[in-house]
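# Reading the structure
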Amino acid sequence: GNVAFAGTMNIDGSLEIKATRLGKETSLGNIIRLVKEAQGSKAPIQKLADKISEIFVPTVLGIAILTFFVWGFGLQDWTEGLMSGIAVLVIACPCALGLAVPTVIMVACAQGAKEGVLIKNIEGLERAVRVDTLVVDKTGTITEGKLSVSSIHSTLSDDAFLIKAATLSRHSNHPISEAITAHAGALPLDDIKDFKSHSGKGLSGKGLLLGSPKFLESEGVSLEGFSIGSEKDVIIVLAEGKKYIGYATFLDQIKEDSKKAVEELHALGKKIYLLSGDRKPVVEAVSNALSLDGFYAGVLPEDKAKVVQELQEKKAVVGMVGDGINDALALTVADVGFAIASGTDVAMESATIGLMRSNLTNLNTALRLSKKTFVKIRQNLFFAFFYNTIGIPLAVLGLLNPMIAGLAMALSSISVVLNSLTLRKP
């Protein structure tokens with residue numbers, strides 16, 4: 001057969017795949033690689049520090065030489081001029097400036113991995129500080145994503161309905177499909193060769209159609225007499241030969257920690273919007289239960305990125321949280337993409353930050369870590385320039401012995417490293 005590369009998502013039909021590679025190509029190996037790459041990457045603020053260093057170093061050399069000659073020619077004290085010039089060079093050694101950003105980045109990446117936050121690049125972590133709007137996919141992020149069949153309404157018996165529905169659903173890994181297959185249990189299912197998955201809409205094959213009411217209507221199925229009113233459960237409809245058979249409802253519980261996580265995110269000043277392909281009553285019920293700032297219902301996979309772009313056009317800095325291949329484009333378009341690690345590899349590769357725990361609490365951890373990281377970077381840069389601002393004038397005036405200057409320079413570097421290590425504190 002053909003080679004199926006890691007991250008391949010089967011859209012149409014069913015496949016049997018054999019794993020042939022291990023080691024560095026596993027999820028763990030990939031995590032280790034991404035952490036190493038992130039630790040080696042440069043944040044924009046690091047580039048600023050590098051530019052400052054390019055000006056700072058020749059400036060200090062100039063001050064040291066000028067100090068030497070002013071003391072020598074002006075004050076006729078060449079010995080003091082030499083000592084003062086050396087003191088200027090020693091106190092101004094840009095070790096602390098060079099360590100200010102990289103030490104924080106290394107600690108942040110390690111601490112993030114420890115807390116379930118996989119930082120893929122530091123630039124994304126820096127952008128996360130400015131995120132003010134979060135667009136969150138519903139299934140598997142806000143809710144458990146483990147649907148269960150709550151009721152069946154059909155002209156057939158429940159078992160007959162399940163046999164037909166599960167004939168299609170067993171070839172799909174969508175949460176709704178998995179719920180139908182699990183509910184069918186050991187019922188005898190028919191073989192199918194013309195199975196097809198319609199992304200974000202439904203399934204078809206062997207004359208059967210299983211999906212949203214809108215999908216079945218687009219396929220020419222008459223749903224006359226079918227009414228769901230304001231039903232707040234997820235609903236899937238079944239038809240055979242273009243004839244409506246019935247529908248099933250599914251219950252998806254909100255995660256226990258979602259309410260608390262939303263409150264914490266609101267306390268950070270973040271606006272949160274719910275995004276889902278489900279019907280409006282379903283999405284609205286979840287949004288109201290969590291007191292979110294708004295919701296987008298009935299959104300097709302290809303339109304999720306448009307929602308993100310609409311918010312960006314309103315000057316919002318958008319963070320997208322998703323877990324599926326359907327979220328990949330939106331994760332890429334967003335200012336910062338947060339991918340749930342329990343989702344697809346495609347989503348993880350498209351995102352900026354990976355969340356190893358499938359909940360909003362982990363998102364809150366990532367946002368707090370980004371804020372703390374750049375507070376520490378600014379503190380380190382302050383320490384580095386503070387020593388130089390105080391030390392260089394003292395050295396120029398001959399009030400700083402080179403040995404004391406060396407000690408002060410070492411202390412500045414130590415203070416920067418110790419301050420970076422405080423990121424490890426909860």
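This section reports on the structure supplied with the text. (Residues numbered from 1 in each chain as written. Predicted model: local features only at pLDDT ≥ 70, side-chain atom pairs only at ≥ 80, totals over all residues. Heavy atoms only, no water.)

## A closer look at the overall build of the chain
Cut-off, in case you're wondering: Working definition: helices are DSSP H or I runs of at least four residues, strands are E runs of at least two. Numbering for both runs from the N terminus. Exposure classes here rest on a 1.4 Å probe applied to the protein chains alone. A residue is buried below 20% of its type maximum, exposed above 50%, and partly exposed in between. For this analysis, residues touch if any pair of their heavy atoms sits within 4.5 Å.
On a plain count of helices and strands, the chain comes out with 17 helices and 13 strands. Every one of the 426 residues in the chain was classed for burial, and the buried ones make up 45%. Considering only contacts within the chain whose residues lie at least 6 apart along the sequence, 65% involve residues at least 24 apart.

## Some words on empty space enclosed by the protein
A probe matching the size of a water molecule, rolled over the atoms, marks out where space remains unfilled. Heads up, the condition is: The rule is simple: put a 1 Å grid over the protein atoms alone, call a set of points where a 1.4 Å probe fits but cannot get out a cavity, call an open set with protein on both sides within 12 Å along at least five of seven lines a pocket, and count a residue as lining if it has an atom within 4 Å of a point. Grid points are joined across faces, edges and corners, and a volume is the space filled by probe spheres set on the points. Think of it as three bins: nonpolar holds Ala, Val, Leu, Ile, Met, Phe, Trp, Tyr, Cys and Pro, charged holds Asp, Glu, Lys and Arg, and polar takes everything else, Gly as well.
Scanning the entire structure with this criterion turns up 1 cavity of 30 Å³ or more. In this structure, the largest cavity encloses a volume near 40 Å³. Around the largest cavity, the lining residues are Ile 91, Cys 93, Pro 94, Cys 95, Ala 96, Leu 97, Ala 384, Tyr 387, Asn 388, Ala 408, Met 409 and Ser 412. Breaking the lining of the largest cavity down by element, the ones donating at least two residues are α4 (95-99), α16 (360-396) and α17 (402-421). For the lining of the largest cavity, the class distribution of residues is 10 nonpolar, 2 polar and no charged.

## Describing helix α8 (residues 158-169)
Let me state the cut-off plainly: How far a helix is expected to stretch is found by multiplying one less than its residue total by 1.5 Å.
End to end, α8 covers 16 Å across 12 residues, agreeing with the expected 16 Å (1.5 Å per residue, within 8%). Where α8 is buried, its residues contact β3 (148-154), α9 (175-184), β5 (202-205), β6 (208-211), β7 (234-240) and β8 (243-251).

## Observations concerning the environment of Lys 206
Put simply, the rule is: Pairs of N or O atoms within 3.5 Å make up the polar contacts considered here, provided that, within protein, one atom can donate a hydrogen while the other can accept it, and that residues adjacent in sequence are counted only when both atoms are side-chain atoms.
Among the secondary structure elements, Lys 206 is positioned in the loop between β5 and β6. The exposure class of Lys 206 is partly exposed, given its relative accessible area of 43%. With 34 residues separating them in the primary sequence, Lys 206 and Glu 240 have C-alpha atoms 8.6 Å apart. Ignoring any residue separated from it by four or fewer positions in sequence, one finds Lys 206 in contact with Asp 190, Asp 191, Ile 192 and Asp 194. Here the side chain of Lys 206 touches Asp 191 through a polar contact of 3.3 Å, landing on its backbone oxygen.

## What to know about unusual backbone geometry
With the exception of glycine, the majority of residues adopt a negative phi angle, and the majority of peptide bonds are in the trans configuration. Positive phi, normally seen in glycine, also occurs at Ser 291, with a value near 55 degrees. The topology assignment puts Ser 291 in the loop between α12 (280-289) and β10 (294-296). Even without being a glycine, Lys 315 presents a positive backbone phi close to 70 degrees. Structurally, Lys 315 is set in the loop between α13 (304-313) and β11 (318-322). Accessibility expressed as a relative area gives 75% for Lys 315, which makes it exposed.

## Remarks on the sheet that holds strand β1 (residues 117-119)
Selection rule: Only when DSSP finds a minimum of two bridges between them are two strands counted as paired. Every axis corresponds to a line fitted to the C-alpha atoms, with the helix fit spanning only the stretch in contact, and the corresponding angles, defined between N-to-C directions, vary from 0 to 180 degrees.
On the basis of which strands lie adjacent, the open sheet formed by 7 strands has the order β1-β13-β12-β11-β2-β9-β10 and mixed pairing. Of all the strands in the sheet, just β1 and β10 have a single pairing partner and so form its edges. For this sheet, the mean inter-axis angle between neighbouring strands, taken without regard to orientation, is 20 degrees. Summarising the sheet, strand β2 (residues 133-137) and strand β9 (residues 271-275) pair through 5 bridges and their orientation is parallel. Bridge assignment links Val 135 to a residue of β9, and that residue is Tyr 273.

## With respect to the pairing of β9
Which entries qualify depends on this criterion: Note on handedness: a clockwise path from strand one over the helix to strand two, with the strands aimed away from the viewer, defines a right-handed crossover.
Burial of β9 is extensive: 4 of the 5 residues sit out of reach of the surface. With 3 bridges joining them, β9 and β10 adopt parallel strand pairing. Following the sheet pairing, Leu 274 is matched in β10 by Phe 295. Handedness of the β9-α12-β10 crossover: right-handed.

## What to know about the nonpolar core
Heads up, the condition is: Nonpolar cores are built from buried Ala, Val, Leu, Ile, Met, Phe, Trp, Tyr and Cys residues. Side-chain atoms within 4.5 Å join them into one set.
Counting 44 residues, the largest nonpolar core has Leu 134, Phe 338, Ile 353, Leu 355 and Leu 363 as its most contacted members. Once residues within four sequence positions are removed from consideration, Leu 355 is found in contact with Gly 116, Val 321, Phe 338, Ala 339, Ile 340, Ala 341, Asn 362, Leu 363 and Ala 366. Counting 24 residues, the second largest nonpolar core, distinct from the first, contains Ala 165, Leu 208, Leu 210 and Ala 248.

The values reported here are purely geometric and, on their own, carry no functional implication.
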